[in-house]
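# Tertiary structure, described
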Amino acid sequence: MQLEESCDSLRIEYLSAVATERPVFNAVLDELSAGDTFVVVDIDRAFRSAIDAILTAEQLDQRGIRFEILTFPINTASDEGAFVYGI
C-alpha cells in the first residue's frame, strides 16, 4: 500500500469525504504539528471540493505542516510543489 511506504502512522477514514462529520480525518488534522507531513493517496478521497482542499492546505501551511498527495505527486514542502498545488 502506498501510504504504508510513505507514513510513520496510518489512519483510515471509512466515511466519505462529503460526510458532515469525519472523526478520523479531523483527529489526524488536530494531532499534526509543525514539521509533520499530512499524506493522502488522492486528493478527491480526502476533500469535499477544490476549495476545501485549498483551505485545508493553507491551514496546514500556517501551522508549519507539509502536505503530500501521492498520486500526482505533489509535496508542498518544495516551492514547486506548493506552486503546482496552488494551481
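That block above? That's the structure.
Parameters at a glance
- Residues numbered from 1 in each chain as written.
- Predicted model: local features only at pLDDT ≥ 70, side-chain atom pairs only at ≥ 80, totals over all residues.
- Heavy atoms only, no water.
- Helix = DSSP H or I, 4+ residues; strand = E, 2+ residues; numbered from the N terminus.
- Buried < 20%, exposed > 50% of the residue type's maximum accessible area, 1.4 Å probe, protein only.
- Core = buried A, V, L, I, M, F, W, Y, C linked by side-chain atoms within 4.5 Å.
- Contact = heavy atoms within 4.5 Å.
- Patch = residues over 30% accessible without salt bridge, like charges linked within 9 Å, V, L, I, M, F, W, Y side chains within 5 Å.
- Areas by Shrake-Rupley, 256 points an atom, 1.4 Å probe, with all protein chains shown as cover.
- Salt bridge = Lys/Arg side-chain N within 4 Å of Asp/Glu carboxyl O.
- Phe/Tyr/Trp six-rings, centres within 6.5 Å; stacked < 30°, edge-to-face > 60°.
- Lys NZ or Arg CZ within 6 Å of the ring centre and 35° of its normal.

### Brief notes about the environment of serine 9
Relative to the helices and strands, serine 9 resides in the loop between helix H1 (2-6) and helix H2 (23-31). Exposure remark for serine 9: the relative accessible area of 45% places this residue in the partly exposed category. Expressed as a C-alpha distance, the spacing of serine 9 and valine 28, which sit 19 residues apart in the sequence, is 10.0 Å.

### Digging into the nonpolar core
The biggest cluster of nonpolar side chains holds 16 residues, and the ones touching the most others in it are Leu32, Phe38, Phe47, Leu60, Phe67 and Tyr85. Residue assignment for this core shows that the elements contributing at least two residues are H2, strand E1 (37-40), helix H4 (50-62) and strand E2 (66-69). Beyond its immediate sequence surroundings of up to four residues, phenylalanine 67 is in contact with Thr37, Phe38, Val40, Phe47, Ala57, Leu60, Ile74, Asn75, Thr76 and Tyr85.

### Description of the environment of threonine 76
Of note, threonine 76 is situated in the loop between strand E3 (74-75) and helix H5 (79-86). Separated by 15 residues in sequence, threonine 76 and aspartate 61 place their C-alpha atoms 8.4 Å apart. What threonine 76 contacts, discounting residues up to four positions off in sequence, is Arg66, Phe67, Gly81, Ala82 and Tyr85.

### Quick notes on a nonpolar patch on the surface
On the surface, Leu10, Ile12 and Tyr14 cluster together to form a nonpolar patch covering roughly 330 Å² of accessible area. In this structure, tyrosine 14 sits in the loop between H1 and H2. The class for tyrosine 14 is exposed, based on a relative accessible area of 73%.

### Some details on the packing of aromatic side chains
Tallying each qualifying case throughout the model produces four aromatic pairs. On the numbers, 6.0 Å between centres and 90 degrees between planes, the contact of phenylalanine 25 with phenylalanine 47 is edge-to-face. Taken as a pair, phenylalanine 25 in helix H2 and phenylalanine 47 in the loop between helix H3 (43-46) and H4 lie far apart in primary sequence, 22 residues in all. Phenylalanine 47 sits in the buried class, given a relative accessible area of 6%. Here the aromatic rings of phenylalanine 38 and phenylalanine 67 are separated by 5.8 Å at their centres, their planes lie at 20 degrees, and the arrangement is stacked. Here phenylalanine 38, found in strand E1, pairs with phenylalanine 67, found in strand E2; they are 29 residues apart in sequence, far enough to count as distant. Neither residue differs from the other here; phenylalanine 38 and phenylalanine 67 are each classed as buried. Aromatic ring contacts, followed pair by pair, group Phe25, Phe38, Phe47 and Phe67 into a single cluster. Its end group placed over the ring of phenylalanine 25, arginine 22 keeps NZ or CZ at 3.9 Å from the ring centre.

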